[in-house]
Amino acid sequence: MHSTVTAYANRIQRGALMYIRGDHAELVVGGRLDVRSAADARTALHSAVDDGVGDLVLDLSELDSWDATGLGVIMGAHRRAGRCGRRLVLRGVPPQMQRLLVATRLHRILAIEGGIGVESLPRV
């Protein structure tokens, strides 16, 4: 499985300023997760969810930005993981994206490794 997701991610990287590497247990998402990369990201995430068991860790520490469509891809993967008896766990969520999760209250729904310290987020 590892090579399947990585190979697919390499194609994504060349075409859309976004990359995904990893396997059915842990994926690293980097670049921009937006409307241009959403379809490819959705396919890669769904494949990883469908092919594994247990928690699927999504490391976002290399993610530069996401838009509403990208956040929708994450939420879709979260729902799909739940239907498959798995849990999607976000790791390394950048501060600006943590603020968006708090503003939309999605931090209460999504599993976030280490949680989000709402009081420590910089105000904008």
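Just above, that's the structure.
What comes next concerns the included structure. (Residues numbered from 1 in each chain as written. Predicted model: local features only at pLDDT ≥ 70, side-chain atom pairs only at ≥ 80, totals over all residues. Heavy atoms only, no water.)

This next bit is on the environment of Leu-17. Structurally, Leu-17 is set in the loop between α1 (2-16) and β1 (18-22). Residue class for Leu-17 comes out exposed when judged on its relative accessible area of 54%. Between the C-alpha atom of Leu-17 and that of Gly-31, which follows or precedes it by 14 residues, the distance is 5.7 Å. (Helix = DSSP H or I, 4+ residues; strand = E, 2+ residues; numbered from the N terminus. Buried < 20%, exposed > 50% of the residue type's maximum accessible area, 1.4 Å probe, protein only.)

This part takes up helix α3 (residues 68-83). Helix length check: α3 (16 residues) gives 23 Å between terminal C-alpha atoms against 22 Å at 1.5 Å per residue, within 8%. Every buried residue of α3 is accounted for by Gly-70, Leu-71, Val-73, Ile-74, Met-75, Gly-76, Ala-77 and Ala-81. In the core, the buried residues of α3 are packed alongside β2 (26-33), α2 (38-51), β3 (56-66), β4 (88-91) and α4 (95-103). Residue Asp-67 occupies the N-cap position of α3, its side-chain oxygen lying 3.0 Å from the main-chain nitrogen of Thr-69. Immediately beyond the C-terminal end of α3, within one or two residues, lies Gly-85, with a positive phi of roughly 75°. (Expected span 1.5 Å × (residues − 1). Contact = heavy atoms within 4.5 Å. Polar contact = N/O pair within 3.5 Å; in protein donor to acceptor, adjacent residues only side chain to side chain.)

As defined by bridge partners, β2 adjoins β3 across seven bridges and the pair is classed as parallel. Counterpart to Gly-30 in the pairing with β3 is Glu-62. Assessed by its sense of winding, the connection that carries the chain from β2 through α2 to β3 is right-handed. Bridge analysis of β3 against β4 gives four bridges, and the strand direction is parallel. Note on β4: the bridge partner recorded for Leu-58 is Leu-90. (Pairing = 2+ DSSP bridges. Right-handed = clockwise from strand over helix to strand, strands pointing away.)

Note on pairing: side chains with opposite charge can pair once their charged atoms come close. Under the counting rule described, the total for this entry stands at seven salt bridges. Salt-bridge contacts for Asp-34 lead to Arg-32; the nearest nitrogen and oxygen are separated by 3.3 Å. Note on Arg-32: relative accessible area 32%, which makes it partly exposed. One salt bridge connects Asp-34 with Arg-36, and the closest N-O pair in it is separated by 3.4 Å. (Salt bridge = Lys/Arg side-chain N within 4 Å of Asp/Glu carboxyl O.)

Every buried residue of α4 is listed here: Met-97, Gln-98 and Leu-101. Down the axis of α4, the buried side of the element spans an arc of 105°, and every buried residue falls inside it. For α4, the elements touching its buried residues are β3, α3, β4 and β5 (111-112). At the exit of α4 stands Arg-105, carrying a positive phi of roughly 65°. (Arc of directions from axis to C-beta.)

What follows is about the sheet that holds β1. Sheet strands associate in pairs through backbone hydrogen bonding, adopting either a parallel or an antiparallel arrangement. Read from one edge to the other, the open sheet built from five strands follows the order β1-β2-β3-β4-β5, with strand pairing classed as mixed. Looking along the sheet, the strands with just one partner apiece sit at the ends: β1 and β5. In the sheet, β4 pairs with β5 via two bridges, with the strands oriented parallel. Its bridge partner being in β5, Leu-90 is matched across the sheet by Ile-112. In this fold α3 packs onto β2, β3 and β4, with an angle of close to 140° to the strand it touches most, β4. In the packing of α4 onto the sheet, contacts are made with β3, β4 and β5, and the angle to β3 comes to roughly 105°. (Axes fitted to C-alpha atoms, helices over the stretch in contact; angles between N-to-C directions.)

Function-wise, these values are silent; they only describe arrangement.
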